Amino acid sequence: MPEARQIVINNDLDIVTARVEGRNLARMLGFGVIDQARIATAISELARNIVLYAKSGTLLVRLADNERQRGIEIICSDNGPGIADVALVMRDGYSSHRGLGMGLPGTKRLMDEFEIESRPGIGTTVTVRKWLR
């Protein structure tokens, strides 16, 4: 059984490390190359948001297992400024003018499950899951 891996995210090198860890776990779990790429891209987006907006945080990559299916779970947390209007940032086409990628809506489309919890002044936690088919 693969182990969970937590990566502290402070800079671009940490984003690369998180991507590699996520892709490796996805490969070990039996995800195909396309889903491995989707998972790695989602990790990049989430980790990049930490670097851009919160400056530091953590990204946990682990096995997701329930009674019906197995997959991968990524939990990305920070103690940054939080998101004042989650509905706004989840709208396609929204840009903070600092974002580099497809944003949270694109990350949601890449994964099977997406949850976000954010409180201004407290921080943000995004949890995503991809299930094996």
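Figured I'd write up the structure that's included with this text. (Residues numbered from 1 in each chain as written. Predicted model: local features only at pLDDT ≥ 70, side-chain atom pairs only at ≥ 80, totals over all residues. Heavy atoms only, no water.)

Time to look at the pattern of salt bridges. Summed over all chains, the structure comprises 11 salt bridges. Across the pair Arg62 and Glu73 runs a salt bridge whose closest N-O atoms are separated by 2.6 Å. With Arg62 in strand 2 (residues 57–65) and Glu73 in strand 3 (residues 70–78), this residue pair connects regions lying 11 residues apart in the sequence. Exposure remark for Arg62: the relative accessible area of 32% places this residue in the partly exposed category. (Salt bridge = Lys/Arg side-chain N within 4 Å of Asp/Glu carboxyl O. Helix = DSSP H or I, 4+ residues; strand = E, 2+ residues; numbered from the N terminus. Buried < 20%, exposed > 50% of the residue type's maximum accessible area, 1.4 Å probe, protein only.)

Before going further, it helps to examine the packing of helix 2 (residues 33–54) against helix 4 (residues 103–110). One way to put it is that helix 2 packs onto helix 4 with a least axis distance of 9 Å and a crossing angle of 155°. When the interaxial angle is binned, helix 2 and helix 4 end up roughly antiparallel. Considering how the two elements wind past one another, helix 2 and helix 4 form a crossing that is left-handed. Here Arg38, Thr41, Ala42, Glu45, Leu46 and Asn49 of helix 2 come into contact with helix 4, specifically with Gly103, Leu104, Thr107 and Leu110. Of the residues that constitute the contact of helix 2 with helix 4, the class distribution is 4 nonpolar, 4 polar and 2 charged. (Axes fitted to C-alpha atoms, helices over the stretch in contact; angles between N-to-C directions. Parallel < 35°, antiparallel > 145°, perpendicular 65-115°, else oblique. Left-handed = near helix turned anticlockwise from the far one by under 90°. Contact = heavy atoms within 4.5 Å. Nonpolar A, V, L, I, M, F, W, Y, C, P; charged D, E, K, R; others polar.)

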